[in-house]
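An overview of the molecular structure
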Amino acid sequence: MGREAEQSVVSTRGLTKRYREVVAVDGLDLSVDEGEVFGFLGPNGAGKTTTILMLLGLTEPTTGSAEVAGHDPVREPLAVKSVVGYLPENVGFYPDLTGRQNLSFTARLNGIPRRVAEERMDALLRQVGLENAADRAAGKYSRGMRQRLGIADALIKEPSILILDEPTIGLDPDGIREFLELIRGLSRDRGITVILSSHLLHQVQEICDRVGILVRGKLMAVGPVETLGRQLDAGSDSKMEIGFGPEVNAEEAEQALRGLQGVQDLTRETDYWLVRSDGDLRREAVSALWGRGMVPVHLRLRHYGLNEIYVHYFREGVEPRG
Amino acid sequence: MAEEGKDNGRRTREDAARTRSPGGLWPVGVRPVLHKELGDHLTGLRFGILLLLVGVASLASVYSSGQALREVAFQAEGARNVFLALFTASGKQLPSFVSFLAFLGPLLGIALGFDSLNSERSQGTLSRLISQPIHRDAVLDGKFLAGLATIALMLIVLILLVAGLGLIMVGVPPSLEEVLRLIIFVLVTVLYVGFWLALTQLFSVIFRQSSTSALASIAVWLFFTIFAGLLVGLAADALAPLPSAPTMAESVRHEEVLTSLDRLSPVTLYSESTTALLNPNVRSLGVLLPQQVERALASPLALEQSLLLVWPQIVGLIAGVVVFFAVGYVLFMREEVRA
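In this convention, every chain numbers its residues from 1, walking through the sequence in written order. The lettering of chains begins at A and the numbering of ligands begins at 1, in the order of writing. Residues qualify for local features only when their pLDDT is at least 70, as the model is predicted, and side-chain atom pairs are given and counted only at 80 or more; totals for whole chains, interfaces and linings, by contrast, use all residues.

As for the overall build of chain B
Segments assigned H or I by DSSP are reported as helices when at least four residues long, segments assigned E as strands when at least two residues long, and all are numbered from the N terminus. In terms of helices and strands, chain B carries 14 helices and 0 strands. When the elements of chain B are put in sequence order from the N terminus, they spell out α-α-α-α-α-α-α-α-α-α-α-α-α-α. Counting only residues that meet the buried cut, chain B has 38% of its 339 residues in that class. Contact between two residues is assigned when their C-beta atoms, built from the backbone, lie within 7 Å. Here the contacts in chain B between residues at least 6 apart in sequence split such that 81% fall between residues at least 24 apart. Any residue with 12 or fewer other C-beta atoms within 10 Å of its own C-beta is exposed, any with 20 or more is buried, and the rest are partly exposed; the C-beta atoms used are placed from the backbone.

Now the structure itself:
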């Protein structure tokens, strides 16, 4: 796939999860390379969490398969879970135990010897900036502190893959920035592969090497953020905005536009027409109209920029849920 | 796969090693869960409150039965098993220790189990827990064992306390057989409370809200401790009606229907087994016709004989624990845990 040089540590083939009639994840083919930060993006309810649960072996795919660090999560969930650190959405801790006690419990569940665990906890608590709060009850932690403790918790097993589900939810802008820097640093310094799901594209785009956009269980596009727009453009029809001055008769103009080869659909916006066509029709449109004495004063080919991606896919997916 | 080379191979072997528990005896993950839960139980406020409640009730009942015994014990010929009588005899004002336990024991199980899983769910710790390299059932196993251990500890403390008080009051030390009977009595009580623990743990898997599972458990508890007896009487009357002048066969049948319906209740099973265990003079738990006892000597039963007598009751309780635990297990394994 053009990236042969790197190994893929997480891959799925036709991964599908069906809940009665609802298809939550639909034939997902995904591949995440070693050491990269992969943004798994999509509106709420797109199937991100379901995919993550299947990668961890916490739920079984209806059809298709996944491979995580060389293991099949369905057959060897323990092998997968011992190399994958997972920060669930709305991570919680035992409120009566201190932050350190919570971490030490996770260490014991991972079979880490006590002395090793103590060293790792000290280092991790310092790294996430909780060294002063470590001996306070976790029930008193703020949302941001819980999230940072969650990162330490996921890292205590020294995973090679880190999966974060909506890690920025509920954090303030400063908190988000610090948190993302922390993750970026982890990926850089330790070479951990990070998969991070979010429904807020613009929040996480800067730290992601690549992103995949999931809408209604289907992967719409994968790649570095800059090239996503082009991919989406290539995969869809071209949209042209064309507008005229008041001297032009609207009906004549519309007729002329409809007469163009390749036009699929025409909609009248406030001061221009939106022409959907198979390819770029700007030249054809201008020369045809010019010949009839109608001079366009507004002409623009719509591109998929980040905003368009957002508007096009994300809003669309969010709104039906209210 | 081939080019993934040595690095992955090494990692896989390490993983395989991690999936085994260090001790080897326990399935991986059970021990840390058990330790944590046990710590939670023993340091929690709940444990103290329960111990206080049951402790006060028990001490009061043994004190009152001790006083009653003091008056009659030494006139009774032979004065055998006086020490055990402390636990089964009721005093003037208060019911016996055993009936207190039959009534309050379930509350111990309920208090320790009603929120065991749904609180993990609502705190958001469950998804973190099961994403660790442990089998999912280790969570249930560890929690159940921790509950059972807590109950055992609590009951041992209680029995020692009560026995001490009894010793001071009556002044008759227990014989070896009495001690053995007491130990078995504690085991059966742990089983009985374990029955309620398994039931409430099942509820905590089924119901999302801790309050719902607490209410459901308390409803079942009240049903069996208070209403079941009344309903069983009505049902027996309907199934095997007693005419105004019943024949022998009719009364026996009525009585049999009544007992077998009654034995559907864990409270009955427990009461019957403790009665027979703590009172060697109980020779049968069912209907006994005069013909059957005609030439029998009214001598106390040996320990093995008493055990034999209550064995069906004990098996019934064990079966209940196994069924509830298994249903909870199946439901929990199938559940998809989302944050």
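After presenting the structure, the write-up continues.
Concerning the interface of chain A and chain B
Every contact between the two is made by 30 residues of chain A and, on the other side, 25 residues of chain B. Looking at the side of chain A that touches chain B, the elements that each hand over two or more residues are helix H1 (48-56), helix H2 (77-83) and helix H3 (99-109) of chain A. Tallied by class, the residues present in the side of chain A that touches chain B amount to 15 nonpolar, 10 polar and 5 charged. Here the term charged refers only to Asp, Glu, Lys and Arg, the term nonpolar to Ala, Val, Leu, Ile, Met, Phe, Trp, Tyr, Cys and Pro, and the term polar to all other amino acids, Gly among them.

Remarks on the environment of A:Ile176
All names here are of chain A. Note on placement: Ile 176 falls in helix H6 (residues 173-190). For Ile 176, a count of 19 C-beta atoms within 10 Å gives the class partly exposed. The spacing of Ile 176 and Met 145 is 31 residues in sequence and 12 Å in space, taken between C-alpha atoms.

Comments concerning the sheet that holds strand S8 (residues 210-215) of chain A
Residue and element names in this part refer to chain A. Between any two strands, pairing holds if DSSP finds at least two bridges. One open sheet accounts for 6 strands, arranged S5-S6-S7-S3-S8-S9; its pairing is mixed. In the strand order of this sheet, the two ends are held by strand S5 (84-87) and strand S9 (218-223), each with one partner. Mean inter-strand twist for the sheet, computed between neighbouring axes without regard to direction, equals 15°. Sheet analysis places strand S3 (residues 37-41) next to strand S7 (residues 193-198), joined by 5 bridges and oriented parallel. Within S7, the position partnered with Val 37 by the bridge is Val 194. Set on the sheet, helix H5 (residues 143-155) makes contact with S5 and strand S6 (161-165); between it and S5 the angle comes to about 160°. In the packing of H6 onto the sheet, contacts are made with S3, S6 and S7, and the angle to S7 comes to roughly 155°. Lines are fitted to the C-alpha atoms to define the axes, a helix being fitted only along its stretch in contact, and any angle between axes, read from their N-to-C directions, falls within 0 to 180 degrees.

What about the confidence of the model for chain B?
Residues and elements named next belong to chain B. The quantity called pLDDT is the predictor's confidence in a given residue, expressed from 0 to 100. Confidence in the prediction of chain B, expressed as mean pLDDT, is 83, and 88% of residues score 70 or more. The weakest mean pLDDT in chain B belongs to helix H1 (residues 5-18) at 42; the strongest belongs to helix H9 (residues 176-206) at 93. This stretch, residues 1-20, has a pLDDT under 50; its non-local contacts, to residues over four places away or in other chains, come to 18 contacts. Interface confidence for the predicted complex, given as ipTM, is 0.80, next to a pTM of 0.81.

What about the pairing of S3(A)?
Residues and elements named next belong to chain A. For S3, a buried count of 5 out of 5 residues is recorded, marking the element as mostly surrounded by other parts of the structure. Alternating residues of S3 divide into Val 37, Gly 39 and Leu 41 and Phe 38 and Phe 40, and every residue in both groups is buried. Relative to S8, S3 runs parallel, the two sharing 4 bridges. Pairing of Gly 39 across the sheet is with Val 211, part of S8.

Looking at the packing of helix H5 (residues 97-113) of chain B against helix H10 (residues 210-239) of chain B
Residue and element names in this part refer to chain B. Between H5 and H10, whose axes approach to 10 Å, the crossing angle comes to 165°. The angle between H5 and H10 falls in the class roughly antiparallel. Pair H5 / H10 crosses with right-handed handedness. Of H10, the residues touching H5 (which contributes Phe 103, Pro 106, Leu 107 and Ile 110) are Ser 217, Ile 218, Trp 221 and Thr 225. Its residues placed into classes, the contact of H5 with H10 shows 6 nonpolar, 2 polar and no charged. Any angle between 65 and 115 degrees counts as roughly perpendicular, while under 35 counts as roughly parallel, over 145 as roughly antiparallel, and the rest as oblique. Here is the rule for handedness: rotate from the far helix to the near one, and if that takes an anticlockwise turn smaller than a right angle the crossing is left-handed, while a clockwise turn gives right-handed.

Considering the pairing of S8(A)
Every regular strand shows the same layout, with side chains that alternate between the two sheet faces. Residues and elements named next belong to chain A. When S8 meets S9, the two strands line up antiparallel, connected through 5 bridges. Residue pairing across strands places Gly 212 opposite Val 222, the latter belonging to S9. The turn linking S8 back onto S9 is made up of 2 residues, and Arg 216 within it adopts a positive phi angle of 45°.

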